[in-house]
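# Report on the structure
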Amino acid sequence: MGQKKDLTGSEKSKIVRYLAEGCSSLKIAKLLKRDHRTIKRFIQNSQQGRKKRVEKPRRKITAHELRKVKRAAAKMPLATSLAIFQSCNITGVPKSTRCAILRDMAKVRKAERRPPLNKTHKLKRQDWAKKYLKTDFSKVLWTDEMRVSLDGPDGWARGWIGKGQRAPVRLRRQQGGGGVLVWAGIIKDELVGPFRVEDGVKLNSQSYCQFLEDTFKQWYRKKSASFKKNMIFMQDNAPSHASKYSTAWLARKGIKEEKLMTWPPCSPDLNPIENLWSIIKCEIYKEGKQYTSLNSVWEAVVAAARNVDGEQIKTLTESMDGRLLSVLAKKGGYIGR
């Protein structure tokens, strides 16, 4: 009678019946020709029933640790709760507890930003979602530009500030000290770029097409004929993108009709590359970081983009089916990002 891994459903039923008849576990093992330990284990587990969930006691901090947290919050006003507690060498405290403690001595706020959507916009968003509902989004190249400044987005530098403490002084420069315009694309699990637009160049139709000629086309020409045949190019409705000049230029490259995705107005929440920009900005501006030159902020963008792996990009591009369903469910309303 070899010891087997699992009892079958019929064997379990027989064990219950034999127990009701007053048979011992040893006798049941002989009747079923199973190992005695297997029978005993089943009987013990069935008698114990489901184990009750044991609530683990929350980590409590001492008055001394609380004073250290307060001092750290004053010294690190833009840090996260995790960074503040780690600087005090306080471990094992869950995020909910950390925030509850900090809420008594500090506060943090963040404004919501949403594109204005009128009735016409919502109808066009619904029509777009219906049109592309059956699209294979792994074939879509999602593109967009992002401007990064030396000081970060307006109001980005937020964090925990102790009560009675003043916010730290940040460099204040006109228009954020200038910035760099970055273009990139994502398709399936691949990142195309990022590419830097030459400083001082304003993207009109001609300069946009020339930029694609110098950057995107180099990547595109290396792809196979089958890839080019199936790829769909996505760009938003910026004037330099939607002009007749740009449309004609793309058509000459074979990107026209169904290969050029139509895009609804006021819909950054539908473009997954916007989430990529958020990931990069969170990295380059963490803890309120500022830069002193355009080259340094560009190098930070390249380094942050290099750290974004294929799985993260794939997660973004695979989210499109859910976004379309959300648009339809909300009747064209904003879905968040």
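In case you missed it, the structure is sitting above this.
Reference entry: report on the structure contained in this document. (Residues numbered from 1 in each chain as written. Predicted model: local features only at pLDDT ≥ 70, side-chain atom pairs only at ≥ 80, totals over all residues. Heavy atoms only, no water.)

Looking only at helices and strands, one finds 16 helices and six strands in the protein chain. When the 337 residues of the protein chain are sorted by exposure, 40% land in the buried category. Sequence-distant contacts, at least 24 apart, represent 78% of the contacts inside the protein chain between residues at least 6 apart. Summed over all atoms, the accessible surface of the protein chain reaches about 21000 Å², with 50% contributed by carbon and sulfur. (Helix = DSSP H or I, 4+ residues; strand = E, 2+ residues; numbered from the N terminus. Buried < 20%, exposed > 50% of the residue type's maximum accessible area, 1.4 Å probe, protein only. Contact = heavy atoms within 4.5 Å. Areas by Shrake-Rupley, 256 points an atom, 1.4 Å probe, with all protein chains shown as cover.)

This part is about the pattern of salt bridges. Counted by the stated rule, this structure contains nine salt bridges. Between Glu-11 and Arg-34 there is a salt bridge; the shortest N-O distance is 2.7 Å. Taken as a pair, Glu-11 in helix H1 (residues 9-20) and Arg-34 in the loop between helix H2 (25-32) and helix H3 (36-48) lie far apart in primary sequence, 23 residues in all. Each member of the pair, Glu-11 as well as Arg-34, carries the same accessibility label: buried. (Salt bridge = Lys/Arg side-chain N within 4 Å of Asp/Glu carboxyl O.)

Applying the stated criterion across every chain, the model contains 12 aromatic pairs. Ring centres of Trp-128 and Trp-263 lie 5.2 Å apart, and the angle between their planes is 75°; on these two criteria the pair is classed as edge-to-face. Of this pair, Trp-128 sits in helix H7 (residues 119-131) while Trp-263 is found in the loop between helix H12 (244-252) and helix H13 (273-284), placing the two residues 135 residues apart along the sequence. Taken together, the aromatic side chains of Trp-183, Phe-195, Phe-211, Phe-216, Trp-219, Tyr-220, Phe-227 and Phe-233 make up a single cluster linked through ring pairs. (Phe/Tyr/Trp six-rings, centres within 6.5 Å; stacked < 30°, edge-to-face > 60°.)

So, about the sheet that holds strand S4 (residues 179-187). Read across the open sheet, the four strands follow the order S5-S4-S2-S6; overall the sheet is mixed. Looking at which strands have only one partner, the edges of the open sheet turn out to be strand S5 (190-196) and strand S6 (232-234). Pairs of neighbouring strands in the sheet enclose a mean axial angle of 20°, with direction left out of account. Inspection of the sheet shows strand S2 (residues 140-149) paired to S6 by three bridges, in the parallel sense. Bridged to Leu-141 within S6 is Phe-233. Contacting S2, S4 and S5, H13 runs over the sheet at an angle of about 35° to S2. Across the sheet, helix H15 (residues 310-317) lies against S2, S4 and S5, angled at about 75° from S4, the strand it touches most. (Pairing = 2+ DSSP bridges. Axes fitted to C-alpha atoms, helices over the stretch in contact; angles between N-to-C directions.)

The geometry of H1 relative to H2 is characterised by a closest axis approach of 10 Å and an angle of 140° between their N-to-C directions. Judged on the interaxial angle alone, H2 and H1 are oblique. Like other packed secondary-structure pairs, H1 and H2 cross with a definite hand, here right-handed. Taken together, the residues of H2 that come into contact with H1 (itself represented by Glu-11, Lys-14, Ile-15, Tyr-18 and Leu-19) are Ile-28, Leu-31 and Leu-32. Here the contact of H1 with H2 is built from residues that sort into six nonpolar, no polar and two charged. (Parallel < 35°, antiparallel > 145°, perpendicular 65-115°, else oblique. Left-handed = near helix turned anticlockwise from the far one by under 90°. Nonpolar A, V, L, I, M, F, W, Y, C, P; charged D, E, K, R; others polar.)

Before going further, it helps to spend a moment on the packing of H13 against helix H14 (residues 294-306). Between H13 and H14, the shortest axis-to-axis distance is 9 Å and the interhelical angle comes to 120°. As judged from the angle between their axes, H13 and H14 are oblique. Where H13 crosses over H14, the handedness of that crossing is right-handed. Facing Ile-280, Glu-283 and Ile-284 of H13, the residues of H14 in contact are Ala-300, Val-301, Ala-304 and Ala-305. Here the residues of the contact of H13 with H14 sort into six nonpolar, no polar and one charged.

Of note, the amide linkage connecting Gly-193 to Pro-194 takes the cis form, showing an omega dihedral of 5°. For Pro-194, the location among the structural elements is in strand S5. Look at Glu-257: it is not a glycine, yet its phi comes out positive at around 50°. On the secondary structure map, Glu-257 appears in the loop between H12 and H13.

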